[in-house]
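What follows is each chain in one-letter form.
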Amino acid sequence: MKKNIYKIKNMKLQNIPFTVSVLLCTVIIAMLLNIYFKAYTNPYLMNEIVDLSEGWHYSTGEMEERKLDTLLTGPFLQGGETLSLSRILDKEIKDATILLRTNHQSVRIYLDGLPLYLDKEMTPRENPGMALHFLTLPKDYLNKTLQIELTSPYTLYAGRTSPILMGSIPSLEAYVISRSMRSVILMAMSLLIGFGILILTAVQSAKGSPQAQHLSIGIFAVIWALYYVCTELVVFQFFSPLWVSTLSLGLYYTFQVPLVLYFYFSFRHYKRFLLPPVILHSG
């Protein structure tokens, strides 16, 4: 008995260095991941960015100019009305560029009355799409008035405003990547899960036991992954404004169908109750 106790104590003493090494490696890895993801959240290039979300005035049609507290809460307008925003640029940045996101809105931008950017003319019911604009300012922009005119055919988006940033091109690119990175990682994970389920479903079907609910949830994971990242800023740089809008709306309505089909095939005894929702969502 004494020999066995001695052996056990000896083994425990021998395992102490290994246990300490494992804990030390875990702490080091956790610290590295913390530094890594902090850099994703706040890249060093973003130090040159200025948020222009406050200090704006707005007017619509014949309405007198009013103060807008923040761009996060735009005024309520009807479809087709033009929202005119104005602000004096009082922050000095080298190689200053404006970053502007538009949601189903056409945009016209002026600096002291001189045009910086003009969208093409739209018909009254035409969808302008969703776009991301990088507009380089002239070197003498300081203390001049920036005016932005937004027009949307849809009431839901007519008065909607998004944050406007000013900085150098590298800093704004870093901002776009930083704000999109989390969604891109989750998209990759969801795509991996979706394709994994589809492959396993195909193998299962080849063995003679097909499962329609597994096929449905695999398709749902793939569609959801593409939809989840679709409205992120980085996607605006890959597709034209109309394509971004089409993909966002199309995938939003599409991912519901395989999800409802998953429940339809899973609850065999309640199929007749779930058939109306399947038809409704598919329609």
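Keep in mind that this is a model prediction, so the values were computed, not measured.

Chemist: Please provide a residue-by-residue account of the sheet that holds strand E6 (residues 106–111), values included.
Modeler: If you walk across this open sheet you meet the 6 strands as E3-E2-E4-E9-E6-E7, and the pairing is antiparallel. Looking at the sheet topology across the chains shown, the edges are occupied by strand E3 (66–68) and strand E7 (114–118). With direction set aside, neighbouring strand axes in the sheet form an average angle of 25 degrees. The sheet contact formed by strand E2 (residues 56–60) and strand E4 (residues 82–88) spans 4 bridges and is antiparallel. Bridged to tyrosine 58 within E4 is leucine 85.

Chemist: A description of the sheet that holds strand E8 (residues 130–136) should follow, citing residues and the corresponding values.
Modeler: Strand order in the open sheet formed by 4 strands is E1-E10-E5-E8, with antiparallel pairing between adjacent strands. With one partner strand each, in any of the chains shown, strand E1 (50–51) and E8 form the two edges of the open sheet. Across 7 bridges, the pairing between strand E5 (residues 97–103) and E8 is antiparallel. Bridging from a neighbouring strand, arginine 101 pairs with leucine 132 of E8.

Chemist: Describe in detail the environment of glutamine 211, supporting the description with residues and values.
Modeler: Within the secondary structure layout, glutamine 211 lies in the loop between helix H3 (169–206) and helix H4 (212–228). In the structure, glutamine 211 is positioned 92 residues away from aspartate 119 in sequence and 50 Å away in space, judged by C-alpha atoms. With near-sequence residues (within four places) excluded, glutamine 211 lies in contact with Thr201, Gln204 and Arg268. Of note is the side chain of glutamine 211, whose polar atom sits 2.9 Å from the side chain of glutamine 213.

Chemist: Please provide a residue-by-residue account of the confidence of the model for the protein chain, values included.
Modeler: Of the residues in the protein chain, 94% reach a pLDDT of 70 or more, and the chain-wide mean stands at 84. Mean pLDDT values for the elements of the protein chain range from 71 in helix H1 (residues 2–41) up to 92 in E6.

Chemist: Describe the packing of aromatic side chains, and please don't skip the residues or the numbers.
Modeler: Tallied over the entire structure, the rule returns 11 aromatic pairs. On the numbers, 5.8 Å between centres and 45 degrees between planes, the contact of tyrosine 227 with tyrosine 252 is tilted. A residue pair is termed long-range when its members are at least 10 positions apart, and tyrosine 227 in helix H4 and tyrosine 252 in helix H6 (residues 241–254) qualify at 25 residues. Relative to phenylalanine 255, the ring of tyrosine 252 lies with its centre 6.1 Å away and its plane at 75 degrees, an arrangement referred to as edge-to-face. You can call tyrosine 252 partly exposed: its relative accessible area is 36%. Following the ring pairs from residue to residue traces out a cluster consisting of Phe220, Trp224, Tyr227, Tyr228, Tyr252, Tyr253 and Phe255.

Chemist: Can you explain the pattern of salt bridges? Please cite residues and give values.
Modeler: Evaluated as defined, the whole model comprises 3 salt bridges. Among the ionic pairs, arginine 108 bridges to glutamate 149, the shortest N-O distance being 3.0 Å. On the criterion of sequence distance, the pair formed by arginine 108 in strand E6 and glutamate 149 in strand E9 (residues 145–151) is long-range, its members being 41 residues apart. Here arginine 108 falls in the partly exposed class, since its relative accessible area comes to 24%. Residue class for glutamate 149 comes out buried when judged on its relative accessible area of 16%. Between aspartate 140 and lysine 144 there is a salt bridge whose closest N-O contact spans 3.1 Å.

Chemist: Break down the layout of surface pockets for me, with residues and values.
Modeler: Here the largest pocket is characterised by a volume of approximately 230 Å³. Ser106, Arg108, Met122, Thr123 and Thr151 are, among the 16 residues lining the largest pocket, the residues nearest its centre. Looking at which element gives the most residues to the lining of the largest pocket, the answer is E6, with 3 residues. Each residue belonging to the lining of the largest pocket can be placed in one class, and the counts come to 6 nonpolar, 5 polar and 5 charged.

Reading guide: rules and limits
Residues numbered from 1 in each chain as written. Predicted model: local features only at pLDDT ≥ 70, side-chain atom pairs only at ≥ 80, totals over all residues. Heavy atoms only, no water. Pairing = 2+ DSSP bridges. Helix = DSSP H or I, 4+ residues; strand = E, 2+ residues; numbered from the N terminus. Axes fitted to C-alpha atoms, helices over the stretch in contact; angles between N-to-C directions. Contact = heavy atoms within 4.5 Å. Polar contact = N/O pair within 3.5 Å; in protein donor to acceptor, adjacent residues only side chain to side chain. pLDDT = per-residue confidence, 0-100. Phe/Tyr/Trp six-rings, centres within 6.5 Å; stacked < 30°, edge-to-face > 60°. Buried < 20%, exposed > 50% of the residue type's maximum accessible area, 1.4 Å probe, protein only. Salt bridge = Lys/Arg side-chain N within 4 Å of Asp/Glu carboxyl O. 1 Å grid on protein atoms, 1.4 Å probe; cavity = no way out; pocket = protein on both sides within 12 Å on 5 of 7 lines; lining within 4 Å. Points joined across faces, edges and corners; volume = space filled by probe spheres on them. Nonpolar A, V, L, I, M, F, W, Y, C, P; charged D, E, K, R; others polar.

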